[in-house]
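Residue-level listing of the chains:
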Amino acid sequence: MIKPERSPNNNLLKAFQVHLRFERACSKRTVELYMEGVIFFQRFLTGEALMQVTKDKIKAYLQDLYERGLKSNTIAYRFKGIKSFYNWLAGEEDFLSQEEKLHLLAICHYMSTRIKIKIPKMSYTMPYRDEIEKLRRCLNGDSPPKRMPRLQRITPWLIAAR
């Protein structure tokens with residue numbers, strides 16, 4: 001997992017990580033992905049406090065991710081981490097003044113209603129008979145055919161699982 005930079009935000013990040021792992025019972029991978037999203041956003045803010053976020057900074061960050069050519073799934077997971085972090089933070093009494101809480105509630109509302117990231121849906125289809133036969137041959141030591149990318153992707157995984 002990516003380590004956060006030393007900053008006043010570290011206590012917030014640790015508390016958020018505990019919240020994800022133990023209060024929401026997220027899987028280890030989900031915790032890692034959400035924390036990465038928040039840590040990368042923190043780095044983008046270059047030393048500014050996470051509580052001082054604005055709509056423009058969120059838009060600029062998402063634009064930066066798109067311009068760097070990241071896939072929509074990656075952008076979506078990073079955004080989900082940020083959104084989850086600010087939703088959690090807006091509900092925490094220990095870290096916020098009333099003014100900060102109102103500000104973060106407005107940011108959360110903005111992220112929930114104004115920003116939509118489209119993720120292409122994966123289509124899952126059953127293999128054809130010839131694919132099954134070729135897969136059997138691959139498991140017996142043959143290499144996967146070059147014109148069947150789906151078989152090329154899953155063959156190493158299946159061989160390792162044997």
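The structure presented is a predicted model; accordingly, all values stated were derived computationally and were not measured.

(A) Seen up close, the overall build of the protein. Helices and strands together make up the secondary structure of the protein, namely seven helices and zero strands. Looking at the protein residue by residue over its 162 residues, the buried ones come to 33%. Considering only contacts in the protein between residues 6 or more positions apart, those separated by 24 or more positions represent 54%. Entry remark: accessible area of the protein is about 11200 Å², with carbon and sulfur atoms responsible for 53%.

(B) Inspection of helix 6 (residues 129–139) at higher detail. All of the buried residues along helix 6 are Glu131, Leu135 and Cys138. Along the long axis of helix 6, the arc covered by the buried residues comes to 55°, so they all point the same way. Glycine 141 occupies a position one or two residues after helix 6 and carries a positive phi of about 120°.

(C) Spatial organisation of the nonpolar core. The biggest cluster of nonpolar side chains holds 36 residues, and the ones touching the most others in it are Phe41, Ile58, Phe85, Tyr86, Leu89 and Met111. Residue contributions to this core peak at nine residues, all from helix 4 (residues 72–90). Non-local contacts of phenylalanine 41, meaning those with residues more than four positions away in its chain, are made with Leu50, Val53, Lys57, Ile58, Tyr61, Ile82 and Tyr86.

(D) The arrangement of the side chain of lysine 101 in detail. Among the secondary structure elements, lysine 101 is positioned in helix 5 (residues 98–114). Given a relative accessible area of 19%, lysine 101 falls into the buried group. Residues in contact with lysine 101, not counting those within four places in the same chain, are Ala90, Glu93 and Leu96.

(E) Local environment of the pattern of salt bridges. Enumeration over the complete set of coordinates arrives at four salt bridges. Across the pair glutamate 48 and lysine 57 runs a salt bridge whose closest N-O atoms are separated by 2.1 Å. Judged by relative accessible area, which is 32%, glutamate 48 ranks as partly exposed. Residue classification places lysine 57 among the partly exposed positions, given a relative accessible area of 22%.

Quick notes on the rules
Sequence order as written defines residue numbering, which begins from 1 separately in each chain. Only residues with pLDDT of 70 or above have their local features reported here, since the model is predicted, and side-chain atom pairs are shown and tallied only from 80 upward, although totals for entire chains, interfaces and linings are computed over all residues. Excluded from the side-chain calculations are hydrogens and water; all other atoms, namely the structure's heavy atoms, are used. Each helix is a run of DSSP H or I of at least 4 residues and each strand a run of E of at least 2, with the numbering of both proceeding from the N terminus. Throughout this description, buried means an accessible area under 20% of the type-specific maximum (1.4 Å probe, protein chains only), exposed means over 50%, and partly exposed covers the range between. The contact rule is simple, with two residues in contact once any of their heavy atoms fall within 4.5 Å. Every accessible area reported is derived by Shrake-Rupley at a probe size of 1.4 Å, with residue values counting cover from the shown protein chains alone. Regarding the arc, it is the one traced by the directions from the helix axis to the C-beta atoms. To form a nonpolar core, buried Ala, Val, Leu, Ile, Met, Phe, Trp, Tyr and Cys residues must be joined to one another through side-chain atoms within 4.5 Å. Any carboxyl oxygen of Asp or Glu within 4 Å of a side-chain nitrogen of Lys or Arg constitutes a salt bridge here.

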